[in-house]
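# Descriptive analysis of the structure
Chain by chain, the residues:
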Amino acid sequence: ADVNVTVVRSVCNRIREHAIGATRSQALDPGQQVVKAVNDELVRILGGETLTVQYASKPPTVILMAGLQGSGKTTATGKLALWFKSQGRQPLLVGADLQRPAAVEQLRTLGKQVDVPVFSDPDDPILTAYEGVEEAKRLGRDVVIVDTAGRLSIDAEMMEQVRLISGAVSPDYTFLVIDAMTGQDAVQTAEAFHDTLEIDGVIMSKLDGDARGGAALSVKEVIGRPIAFASTGEKLDAFEQFHPDRMASRILGMGDVLTLIEQAEKAFEADQAEQAAARMMEGEFTLDDFLEQMQAIKKMGSLKSIMSMMPGMPKELKNAEIDDEMLVPIEAMISSMTVEERARPQIINGSRRGRIAKGAGVEPGEVNRLVKQFGDMQKMMKKMGMTGGGKKGKGKRGGLPGLGGLGGMKDMPDMAELQEMMGQGGPGAPGGQLPGGFNPPR
């Protein structure tokens, strides 16, 4: 969807040549071989390897940000500053967008949020950019990110201004910010900027939107420059390096386990996760533990983005409208329980159920359903723990660390049992349940 038609034709031709000329694999059936050919071509189109930022031998490293107005350029500038901080760098933001009202004020607000200083001068954008680099040298800052003005459409005045700013600061990298939802227009924008500035890489903004990111395929193919970063949400930390192989895997519906693991490592404390896993396998997992895990999952990003990274996730679930607000009633119900009720949900009777429902703003039936589904989950986890760890369940493989021998299970419940215990479907599918069988209140 939204891929330039010329790009589509060349991609299809290359996949055809690759597939027809390939030697029959002994390990893959023909269908799998075609998928492999498509995957290889997607990785090639998207850039092959992840862009590695090379820092200037004599600091600061200067980054110039360019793009159309409304592309998310200023927000991407703040996110990039936070990313550089996470790499142990000390960035300085320079507000050279003096055309748009409050653009510098917006940058100052972002700078406060990520704890990065902002330099700007209201007189002249070219002089501001130059003086910003000099200020970074004076302060000992090793990265300078210059935010330039955008326009609602490409025009000669904007291009000339950006070209002059580029000449004044001699950037090590020039990044073009493109809205992933612009589709076909992204190609025209990329070509115009590349002719003027010699783009080094592209930052895709709003990649979490409704568009399928066809702009990413088109831009790389047309200007021949890699996609360097992707903005995957509204939060300032929803910003990551772009990995072509991982994006290709997502496009083909094969998930993105590496990114999922990286996000989980940031969100979960290793000791807490191991303790929770041990309690889970022993059937001692409480609603307090469940609430803690839910809050950690929310730190990883939106539910929809997490789903898209899970391999083997049913298509109905990936395409469903998954709203993070669905977790709110569950959190409210657990928060309305006493300490004893969270540890032993089976003691919740009619009067307790009514009190919890009133406190959470839901119907008593929803409390009942949460307690029942949590009980089913506890039973399943206990069964997995008993069969996976201990003497009875020892298989040929060793157990996964912290999961009570989960890797060595041979008496695991089969899929039918799991579906019966946990419930089926996802939001938008029959049953309308969240992962883990938890059904949100309607």
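The paragraphs below set out a description of the structure included in this document. (Residues numbered from 1 in each chain as written. Predicted model: local features only at pLDDT ≥ 70, side-chain atom pairs only at ≥ 80, totals over all residues. Heavy atoms only, no water.)

### Here we look at unusual backbone geometry
A cis amide bond links proline 59 with the next residue in sequence, proline 60, at an omega value of 5 degrees. In this fold, proline 60 is placed in the loop between α2 (30-45) and β1 (61-67). Notably, serine 170 is not glycine yet its phi reads approximately 45 degrees, a positive angle. Structurally, serine 170 can be placed in the loop between α6 (156-169) and β5 (173-179). Phi at glutamate 198 takes a positive value of approximately 60 degrees, unusual for a residue other than glycine. Summarising the element assignment, glutamate 198 is placed in the loop between α7 (185-197) and β6 (201-205). (Helix = DSSP H or I, 4+ residues; strand = E, 2+ residues; numbered from the N terminus.)

### Describing the pairing of strand β2 (residues 91-96)
Taken across its 6 residues, β2 has 6 buried, putting it largely inside the fold. What you see with β2 is no split at all: Pro91, Leu93 and Gly95 on one side and Leu92, Val94 and Ala96 on the other are buried throughout. As defined by bridge partners, β2 adjoins strand β4 (residues 143-148) across 6 bridges and the pair is classed as parallel. Considered in β4, the bridge of alanine 96 is made with threonine 148. (Buried < 20%, exposed > 50% of the residue type's maximum accessible area, 1.4 Å probe, protein only. Pairing = 2+ DSSP bridges.)

### Here's the deal with the environment of asparagine 4
Assignment of secondary structure puts asparagine 4 in the segment before α1 (5-21). Here asparagine 4 falls in the buried class, since its relative accessible area comes to 16%. Linking asparagine 4 and valine 219, residues 215 residues apart in sequence, is a C-alpha distance of 8.9 Å. Other than its neighbours up to four places away in sequence, asparagine 4 contacts Gln184, Val187 and Ser218. (Contact = heavy atoms within 4.5 Å.)

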